Protein chains: 2
Amino acid sequence: MTITVVGSIAYDAVETPFGVRERMLGGAATHFALAASVLHDVRLVGPVGDDFGDADLAVLQTRGSNIDDVERVAGGKTFFWKGKYGWDLNTRETLDTQLNVFEHFAPKLSQASRDCDVLFLANIQPGLQLQVREQCAQAQFVALDSMNLWIDIARDELLEIIGRVDCLMLNDEELRQLTGKPNLISAAHDILGWGPTVVVAKQGEYGSSLITKDDFFALPAYPLHEVIDPTGAGDTFAGGFVGFIASQIGGGVTTPVLRNAMAYGTAIASFNVEQFGTEGVVDVDVAAVRQRVDDLYAFAHFEPIDVALRA
Amino acid sequence: MTITVVGSIAYDAVETPFGVRERMLGGAATHFALAASVLHDVRLVGPVGDDFGDADLAVLQTRGSNIDDVERVAGGKTFFWKGKYGWDLNTRETLDTQLNVFEHFAPKLSQASRDCDVLFLANIQPGLQLQVREQCAQAQFVALDSMNLWIDIARDELLEIIGRVDCLMLNDEELRQLTGKPNLISAAHDILGWGPTVVVAKQGEYGSSLITKDDFFALPAYPLHEVIDPTGAGDTFAGGFVGFIASQIGGGVTTPVLRNAMAYGTAIASFNVEQFGTEGVVDVDVAAVRQRVDDLYAFAHFEPIDVALRA
């Protein structure tokens, strides 16, 4: 019983108002696996270069995650991303992207990775996501991330893979862009007509919303006095979300499971943004995760008070 | 036992992707009173011109709101605002603002309006808000709205009135601008050091957050498939919020009261944005309001599921 995640393993250079890192471990699959491993067994699939360090390989194996399908490409360089955040961290500029080993990546999954119960297709070229989806035919729950670039340049392939997953997780602007619907609820319901049964809108500092055919659920981001580096927050959220679902997959993907999954995703993502890169989640204290889930319950709950309304 | 609200009563010209209105009743005090009157007695204070119609005066009196202190200025023209919204309704451009009767407005409150238990100082020049605050010395709960303009050009007066209210309600960008703090929680805590015990961050389509010294609470906006006109949503939210607090003022402004107040503000604001101007709230069905409050309870609630976490 494992989660397989396919996506980028990267080195990031990041500048935020709180500091600069020239080269730190990052990538969607990395952040996802660190979070999901708090809840379930994870197998990572993705390429790295000769330059990828043993210490970083050890980080990928945090909490027992399996790296048999992390392919070290001889003579290749690891994917590299450089970005800079604005003062309120709500805007970021990409300064450099070097695909490197991702340029010729063709996902080859071992039988153990193909046998996953739960699959997360992190943000990569939709054609590659389709190849992986086909290799993991019997996965009971498949979640997908993507980005504006693929909506622009690979829309047909993106629509094809969306039609073959259970859950689409996108930023709310991306949901609008994908559907052409300015209203988030309408946009999500369009997508629910394309195949997925669950749409998660990632809303950055505002938290996230979950939309199904008959249900709506929203949680705020965990309130923090200081956010240091939002890089990887969405993938960390996805890791907690999908990890929780995987932990309960025997009982089905019910409404209570989806809602708790939102809380675990939110809680673990809050540790990610408190520190640079992977620092916040690699050693995360599980009692602290549980406390933040309990806090989120309290932050969103009210005891109804009866009041007379005037017609 | 009444709420007094001081603020603009206006004619608005609005263009949204869903239509155009050349001249419709609007203004902060108007929207506030329509919402608050679902929960409590309201007295409006503000000037209108000769051009203000009797039908619009009747709207101001919805659900018994008192207009004795709505001053009709002979020879004057009613405040006018014209704006246009972008396709996703998250941006708006002000095309025209005519202060008209507001240019020389000096709030003169009747004794009945001074005797309010609860006071809402809608967004007007902070010096005028101070004058009103002084006239309502014994109000048990005073809430304040403002805007970026006053942060820019009347900061000292704004800080003075903030120091004399219980609750500051601003958009999150305005909270950042006011404090110079990019982080919302830090910004709110700065303000909690200036006098208010409650800060409400209005976050538009993302809902709202409530921050006190020891507590945090957030609700999403009510999920709607179609938003027609967001004009007045913030003031409608404030009306439901402050109206609920006023309905419970005998028991004190407790955490459960504040949280239910957020739900009533959110629910009533959702009726505002479904139609142009005052159309959605003037005839609002109270059973439908209660239903949306119940829905909001459900949209934000999860039943915790025990799960083993891996260290």
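Residues numbered from 1 in each chain as written. Chains lettered and ligands numbered in written order. Predicted model: local features only at pLDDT ≥ 70, side-chain atom pairs only at ≥ 80, totals over all residues. Heavy atoms only, no water.

Colleague: Any details on the overall build of chain A? Residues and values, ideally.
Modeller: Across its full length, chain A carries 12 helices and 13 strands. At 19 Å, chain A has a C-alpha radius of gyration in line with the 19 Å of a compact globule built from 311 residues. If you line up chain A on its principal axes, its C-alpha atoms span 75 × 40 × 35 Å. Split into buried and exposed, the 311 residues of chain A put 63% on the buried side. The long-range fraction of contacts in chain A, counting pairs at least 24 apart against all pairs at least 6 apart in sequence, stands at 64%. Carbon and sulfur atoms form 49% of the exposed surface of chain A, whose accessible area is close to 11300 Å². Charge separation in chain A, taken as the distance between the mean sites of 22 positive and 42 negative side-chain charges, equals 2 Å. (Helix = DSSP H or I, 4+ residues; strand = E, 2+ residues; numbered from the N terminus. Rg over C-alpha atoms; globule rule 2.2 N^0.38 Å. Buried < 20%, exposed > 50% of the residue type's maximum accessible area, 1.4 Å probe, protein only. Contact = heavy atoms within 4.5 Å. Areas by Shrake-Rupley, 256 points an atom, 1.4 Å probe, with all protein chains shown as cover. Lys, Arg positive; Asp, Glu negative; His and termini not counted. Charge placed at Lys NZ, Arg CZ, Asp CG, Glu CD.)

Colleague: If you had to explain the pairing of strand β12 (residues 208-211) of chain B to someone new, which residues and values would you point to?
Modeller: Residue and element names in this part refer to chain B. Of the two faces of β12, the one lined by Ser208 and Leu210 and the one lined by Ser209 and Ile211 are each fully buried. As paired elements, strand β11 (residues 198-202) and β12 share four bridges and run antiparallel to each other. Each residue of the ladder has a partner; that of Val200, found in β12, is Leu210. Linkage of β11 to β12, two consecutive antiparallel strands, is achieved through a turn of five residues, within which Gly204 is found at a positive phi near 60°. Summarising the sheet, β12 and strand β13 (residues 216-219) pair through four bridges and their orientation is antiparallel. Bridge pairing in β13 links Ser209 to Ala218. The turn joining β12 and β13, which pair antiparallel and follow one another in sequence, is formed by four residues. (Pairing = 2+ DSSP bridges.)

Colleague: So, the relation of the copies chain B and chain A: which residues are in play, and what are the values?
Modeller: Two chain copies, one operation linking them: a rotation about an axis together with a shift along it. In the superposition of chain B on chain A (RMSD 0.0 Å, axial shift 0.0 Å), the rotation amounts to 180°. One copy is carried onto the other by what is essentially a two-fold rotation axis. Here 100% of the interface residues in chain B have copies in chain A that are interface residues too; the copies meet face to matching face. (Least-squares fit on C-alpha atoms with pLDDT ≥ 70 in both.)

Colleague: Tell me what's going on with the packing of helix α7 (residues 172-179) of chain A against helix α8 (residues 184-192) of chain A, and back it up with residues and numbers.
Modeller: Residue and element names in this part refer to chain A. Between α7 and α8, the shortest axis-to-axis distance is 9 Å and the interhelical angle comes to 60°. Between α7 and α8, the angle is such that the two are oblique. Of the two possible hands of crossing, α7 and α8 adopt the one that is left-handed. Along the contact surface, α7 presents Asp172, Leu175, Arg176, Leu178 and Thr179, while α8 presents Leu184, Ala187, Asp190 and Ile191. Residue composition of the contact of α7 with α8, grouped by class: five nonpolar, one polar and three charged. (Axes fitted to C-alpha atoms, helices over the stretch in contact; angles between N-to-C directions. Parallel < 35°, antiparallel > 145°, perpendicular 65-115°, else oblique. Left-handed = near helix turned anticlockwise from the far one by under 90°. Nonpolar A, V, L, I, M, F, W, Y, C, P; charged D, E, K, R; others polar.)

Colleague: Can you tell me about the pattern of salt bridges, naming the residues and giving the values?
Modeller: Residues and elements named next belong to chain B. Applying the stated rule across the entire model yields 24 salt bridges over all chains. Between Lys202 and Asp145 there is a salt bridge; the shortest N-O distance is 3.4 Å. Taken together, the positions of Lys202 in strand β11 and Asp145 in strand β9 (residues 141-145) put the pair 57 residues apart, joining distant regions of the chain. Here Lys202 matches Asp145 in class, with each residue buried. (Salt bridge = Lys/Arg side-chain N within 4 Å of Asp/Glu carboxyl O.)

Colleague: Which residues make up helix α8 (residues 184-192) of chain B, and what are the values?
Modeller: Residue and element names in this part refer to chain B. A large share of α8 lies buried, amounting to seven of its nine residues. The set of residues buried in α8 consists of Leu184, Ile185, Ser186, Ala187, Ala188, Ile191 and Leu192. The inward-facing, buried residues of α8 abut α6 (155-162), β10 (167-171), α7 (172-179), β11, β12 and β13.

Colleague: Tell me what's going on with the interface of chain B and chain A, and back it up with residues and numbers.
Modeller: Taken together, the contact between chain B and chain A spans 60 residues of the former and 60 residues of the latter. Linking chain B with chain A are four salt bridges. Across the pair A:Asp41 and B:Arg310 runs a salt bridge, and its minimum N-O distance is 3.1 Å. In this structure, the connection of chain B to chain A is made through 33 residue pairs in polar contact (both at pLDDT 80 or more). For the side of chain B that touches chain A, the secondary-structure elements that each account for two or more residues are α7, α8, β13, α9 (233-247), α10 (255-273) and α12 (286-299) of chain B. Here the element with the most residues in the side of chain B that touches chain A is α12(B); it accounts for eight residues. (Polar contact = N/O pair within 3.5 Å; in protein donor to acceptor, adjacent residues only side chain to side chain.)

Colleague: Pulling in residues and values, what's your account of the state of the cysteines?
Modeller: Following the criterion strictly, the structure yields zero disulfides over all chains and no others. Free cysteine: A:Cys116, not disulfide-bonded; nearest cysteine sulfur from A:Cys136 at 3.9 Å. (Disulfide = S-S within 2.5 Å.)

Colleague: Can you lay out the environment of A:Tyr222 for me, pointing to particular residues and giving the numbers?
Modeller: Residues and elements named next belong to chain A. Its location among the elements puts Tyr222 in the loop between β13 (216-219) and α9 (233-247). Judged by relative accessible area, Tyr222 falls into the buried class, the value being 15%. Through-space distance from the C-alpha of Tyr222 to that of Asp96 is 30 Å; in sequence the pair is 126 residues apart. Once you skip the residues sitting within four places of it in the chain, Tyr222 turns out to touch Thr266, Ser270, Arg292, Asp295, Leu296 and Phe299. A distance of 2.5 Å separates polar atoms of two side chains, one belonging to Tyr222 and the other to Asp295.

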